[in-house]
Amino acid sequence: FGGRRAEGSDFGADLGNVGAQVRKAAEGYLDFNEESEARKALIESSQIRAEYARRLDEAQLSGADLGRLKEEMSSKLAKVGENFQTKRGAETLALYTSNNELMFDEQANRIATQRAWSNARLDGDKLVKSIGDTLRSNLGFLPQAEKDIDSFLSTFPGIRPDQRTELAQHLK
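Everything numeric in this text was worked out from a predicted model, so none of it was measured.

**Regarding the overall build of the protein**
Across its full length, the protein carries 5 helices and 0 strands. For the protein, the sequential pattern of α-helices and β-strands runs α-α-α-α-α. Here the C-alpha atoms of the protein give a radius of gyration of 32 Å, more than 25% beyond the 16 Å that 2.2 N^0.38 yields for 172 residues. Counting only C-alpha atoms and orienting by the principal axes, one finds that the protein spans roughly 125 × 30 × 20 Å.

**Considerations on the pattern of salt bridges**
One pass over the structure, following the stated rule, counts 13 salt bridges. A salt bridge links Arg54 to Glu58, with the nearest nitrogen and oxygen atoms 3.0 Å apart. Highlighted residues: Arg54 and Glu58, both in helix H1 (residues 15–62), separated by 4 residues, approximately one helical turn. We classify Arg54 as partly exposed; its relative accessible area is 43%. A salt bridge links Asp133 to Arg136, with the shortest nitrogen-to-oxygen separation between them at 2.5 Å. On the criterion of helical spacing, the pair formed by Asp133 and Arg136 is a turn pair, its members being 3 residues apart in helix H3 (residues 87–137). The exposure class of Asp133 is partly exposed, given its relative accessible area of 39%.

**Let's talk about the packing of H3 against helix H4 (residues 142–153)**
Taken N-terminus to C-terminus, the directions of H3 and H4 make an angle of 165°; their axes are 11 Å apart at the nearest point. The angle between the axes of H3 and H4 places the two elements in the roughly antiparallel class. The handedness of the crossing between H3 and H4 comes out as right-handed. Taken together, the residues of H4 that come into contact with H3 (itself represented by Ala120, Asp123, Gly124, Leu127, Ile131 and Leu135) are Leu142, Ala145, Asp148, Ile149 and Phe152.

**Some details on the packing of aromatic side chains**
In total, this model carries 1 aromatic pair according to the counting rule given. Here Phe152 and Phe156 contribute two aromatic rings whose centre-to-centre distance is 5.2 Å and whose plane-to-plane angle is 70°, an arrangement assigned as edge-to-face. A relative accessible area of 14% places Phe152 in the buried class. A relative accessible area of 12% places Phe156 in the buried class.

**Topic: the nonpolar core**
Judged by nonpolar contacts, the single largest core of 16 residues is most densely connected at Ile48, Tyr52, Leu56, Leu66, Leu69, Met73 and Phe104. Residue assignment for this core shows that the elements contributing at least two residues are H1, helix H2 (66–80) and H3. Phe104 has contacts with Tyr52, Leu56, Leu66, Leu69, Lys70 and Met73, leaving out every residue within four places of it along the chain. In this structure, Ile131, Leu135, Ala145 and Ile149 belong to the second largest nonpolar core, which totals 14 residues.

**Focus: helix H5 (residues 161–171)**
Residues of H5 that are buried: Gln163, Leu167, Ala168 and Leu171. Taken end-on, H5 shows its buried residues confined to a sector of 135°, consistent with a single buried face. For H5, exposure combined with an orientation more than 90 degrees from the buried face picks out Pro161 and Gln169. Taken together, the buried residues of H5 touch H3 and H4.

**Topic: the environment of Asp150**
By the element assignment, Asp150 lies in helix H4. With 44 residues separating them in the primary sequence, Asp150 and Glu106 have C-alpha atoms 28 Å apart. Within the structure, the side chain of Asp150 is placed 3.0 Å from the side chain of Lys172, a separation counted as a polar contact.

Quick notes on the rules
Throughout this description, residue numbers start from 1 for each chain and increase along the sequence as written. Per-residue local features are limited, in this predicted model, to residues with pLDDT of at least 70; the limit for side-chain atom pairs, both in listing and counting, is 80 or more; totals at the level of whole chains, interfaces and linings are taken over all residues. Side-chain measures were taken over the full set of non-hydrogen atoms in the model, leaving aside hydrogen atoms and water. The secondary structure listing takes helices from DSSP runs of H or I that are at least 4 residues long and strands from runs of E that are at least 2 residues long, numbered from the N terminus. Here the radius of gyration uses the C-alpha set of atoms, whereas the globule reference equals 2.2 Å times the residue count to the power 0.38. Salt bridge criterion: a side-chain nitrogen from Lys or Arg within 4 Å of a carboxyl oxygen from Asp or Glu. Residue burial is assigned from relative accessible area. The probe radius is 1.4 Å, only protein chains are included, and a residue is buried under 20% of its type maximum, exposed over 50%, and partly exposed in between. What counts as an axis is a line fitted to C-alpha atoms, over the stretch in contact for a helix, and the angles between N-to-C directions run from 0 to 180 degrees. Any angle from 65 to 115 degrees is called roughly perpendicular, while one under 35 is roughly parallel, one over 145 is roughly antiparallel, and all others are oblique. Left-handed describes a crossing in which the near helix is turned anticlockwise from the far one by less than a right angle; the clockwise case is right-handed. Throughout, a residue-residue contact means that at least one pair of heavy atoms, one from each residue, lies within 4.5 Å. Aromatic rings from Phe, Tyr and Trp, taking only the six-membered ring of Trp, are treated as a pair when their centres fall within 6.5 Å; an angle between ring planes under 30 degrees marks them as stacked, one over 60 as edge-to-face, and anything in between as tilted. For this analysis, a nonpolar core means a set of buried residues of the types Ala, Val, Leu, Ile, Met, Phe, Trp, Tyr and Cys, connected via side-chain atoms within 4.5 Å. In this context, the arc is that of the directions from the helix axis out to the C-beta atoms. Any pair of nitrogen or oxygen atoms within 3.5 Å is treated as a polar contact; in protein, a donor-acceptor pairing is required on top of that, and neighbouring residues in sequence qualify only through side-chain atoms on both sides.

Here it is in structure tokens:
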């Protein structure tokens, strides 16, 4: 008993070094998980982006609801990170999600503008036919008809200003 305290060497190991080894192993495991989650976020978000780019192209032809497509895409992207445990994995997925949503919104806005333009042209032609019938019987209606065309065009907020001007000139 002699009053001596036990040391790590008494047990055949350097306990000071064991703590550093455990910490290094834990950091290695964390790094591996972070890389794995970041890779999963990249791969799966790229696959989702490709799928919804294709579906947007189809929606342009079919007239499908773009809002519903975006909700589906956002839901799929959220499912990618459901089991993420690292901050880096979550941050990486958030970055790819916002990039995917930006891409989707750009393409959806282009489609919406094109749809609005087509609808304005079709409905504008109907309006002009109706105005033409009125003008045959009352030429004094022309100033009001031009105001009606301007009012009609204001009901299409999705049309670019240059398209609005072009269509107004065409209809008038």
